[in-house]
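# Tertiary structure, described
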Amino acid sequence: MRVIVGMQHPKHFWMFKNLILAGRKKGWNFLVLAAKKDILEELLSSSDFNYCYIGENQPTLIKKIIEYVKYLYKTYYYSRKFRPDVFIGQAFVHFALISKIHRLPFIIYEDTEDASILHNLTIPFCKNIITPNYFTRNLGRKQIRIKSIFEFAYLHPNYFKPNSETLNLIGIGNNEKFVIIRFISWQAHHDFGQKRFTTKTKIEMIKKIEKYAKVFISSEGILPNKLKKYKIILPPTKMHDVLYYAALYIGESPTMTAESAILGTPSICLSSWAKELGNIKYLGKTDLIKAFKTDQQELALAKALEWLKNKKIKEKWQTRLNIILKNNIDVTSDMVDRLSSISRNYY
């Protein structure tokens with residue numbers, strides 16, 4: 001079994017990491033075709049995966065379209081050399097077209113509802129599109145819903161074990177409260193036209209939060225000078241340890257919001273569009289997170305301070321998380337089973 005895996009976002013590394021490790025034990029071979037974005041390069045270089053870069057994330061829609069020509073060419077080139085049996089990734093147009101040229105199955109794992117253009121361009125060419133049960137869109141007969149959210153592919157207790165020694169790397173002592181704040185780069189296709197925070201509002205929010213806890217900022221983009229002192233200096237492979245031990249997460253990234261929540265950390269998402277995502281809605285109903293639009297900063301801040309003042313809130317979140325774990329499957333095991341089925345049918 002030879003598998004090409006697509007990665008264009010750090011989350012994709014984590015999503016498919018355990019699939020690659022489990023597949024190797026079965027004797028499968030993997031090739032990762034990646035785009036350079038944020039910390040994805042660091043994550044890949046820290047692994048022993050077989051990977052090649054086919055391009056890089058671009059800041060504007062026009063540049064993204066031009067870059068796709070490179071994606072197509074390099075995907076075709078590397079797939080001809082690797083000779084895969086199957087492609088797997090999110091709704092990547094280059095994977096859809098090249099897998100069709102090779103007459104090979106392409107399995108899409110998709111949890112972003114606000115990507116309808118990509119869905120329309122890729123679904124006609126894929127074998128199946130796998131979505132969480134909580135995905136809000138109906139994508140047709142090829143859609144298969146699984147009872148889980150994709151963050152459980154890497155943060156399920158079967159795979160993730162928190163390491164308290166990581167806190168030494170950021171200078172946090174025993175029982176010291178700290179908060180992680182996340183700012184995104186606003187370069188993804190679903191970010192165009194959305195509202196964002198000004199530097200002034202970011203500073204105002206941080207000043208109020210740091211009265212109750214130490215503040216660290218994780219940022220995709222370059223921070224303004226006034227915020228650089230808050231930047232977290234940490235290997236990207238250790239970030240989930242920090243999210244686990246944090247007293248609170250607040251930020252613009254829906255992915256990190258969901259990650260923090262299922263690690264048992266009270267989480268607040270500030271986004272003008274993420275509130276409509278299926279996984280954010282689901283986790284909101286279970287009271288693990290609160291989602292606010294960017295013009296609701298005062299409401300979000302009030303909730304953050306309320307949670308920070310509650311000394312037993314982490315215990316409460318762990319109880320809620322235990323219920324979630326019982327009702328959601330191990331996503332990686334499901335991936336392995338699906339690829340095993342393709343392997344049996346293929347050979």
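Described in the following lines is the structure provided in the data block. What you see is a predicted model, and the numbers here were worked out from it, not measured in a lab.

The N-to-C vectors of helix H9 (residues 254-261) and helix H10 (residues 278-285) enclose an angle of 35°; their axes lie 10 Å apart at closest approach. Note that H9 runs across H10; the crossing there is left-handed. Within the contact between the two elements, H9 uses Pro254, Thr257, Ala258 and Ala261 and H10 uses Asn279, Ile280 and Leu283.

Taking strand neighbours across the sheet as the criterion, the 7 strands line up as E3-E2-E1-E4-E5-E6-E7 in an open arrangement whose pairing is parallel. One side of each edge strand has no neighbouring strand; the edge strands of this open sheet are strand E3 (51-56) and strand E7 (143-146). Strand after strand, the sheet turns through a mean of 20° between neighbouring axes, direction not considered. Across the sheet, helix H3 (residues 61-82) lies against strand E1 (2-7), strand E2 (29-36), E3 and strand E4 (86-89), angled at about 165° from E3, the strand it touches most. Those strands touched by helix H4 (residues 93-102) are E1, E2, E3, E4 and strand E5 (106-109), and its axis lies near 170° from that of E4.

On to H4, then. One turn of the α-helix equals 3.6 residues, which is why residues spaced by three or four share an orientation. What H4 keeps buried is the set Val93, His94, Phe95, Ala96, Ile98 and Ser99. Directly beyond the C-terminal end of H4, a positive phi value near 60° is found at Arg103.

Let us look at the packing of aromatic side chains. In the structure shown here, the tally under the stated rule is 18 aromatic pairs. Ring pairing ties together the aromatic residues Phe13, Trp14, Phe49 and Tyr154, which thus form one cluster. Over the face of the ring belonging to Phe82 we find Arg2, whose NZ or CZ atom lies 4.2 Å from the ring centre. Seen from the ring of Tyr53, Lys36 lies directly overhead, with NZ or CZ sitting 5.2 Å from the centre.

Basis of the calculations
Residues numbered from 1 in each chain as written. Predicted model: local features only at pLDDT ≥ 70, side-chain atom pairs only at ≥ 80, totals over all residues. Heavy atoms only, no water. Axes fitted to C-alpha atoms, helices over the stretch in contact; angles between N-to-C directions. Helix = DSSP H or I, 4+ residues; strand = E, 2+ residues; numbered from the N terminus. Left-handed = near helix turned anticlockwise from the far one by under 90°. Contact = heavy atoms within 4.5 Å. Pairing = 2+ DSSP bridges. Buried < 20%, exposed > 50% of the residue type's maximum accessible area, 1.4 Å probe, protein only. Phe/Tyr/Trp six-rings, centres within 6.5 Å; stacked < 30°, edge-to-face > 60°. Lys NZ or Arg CZ within 6 Å of the ring centre and 35° of its normal.

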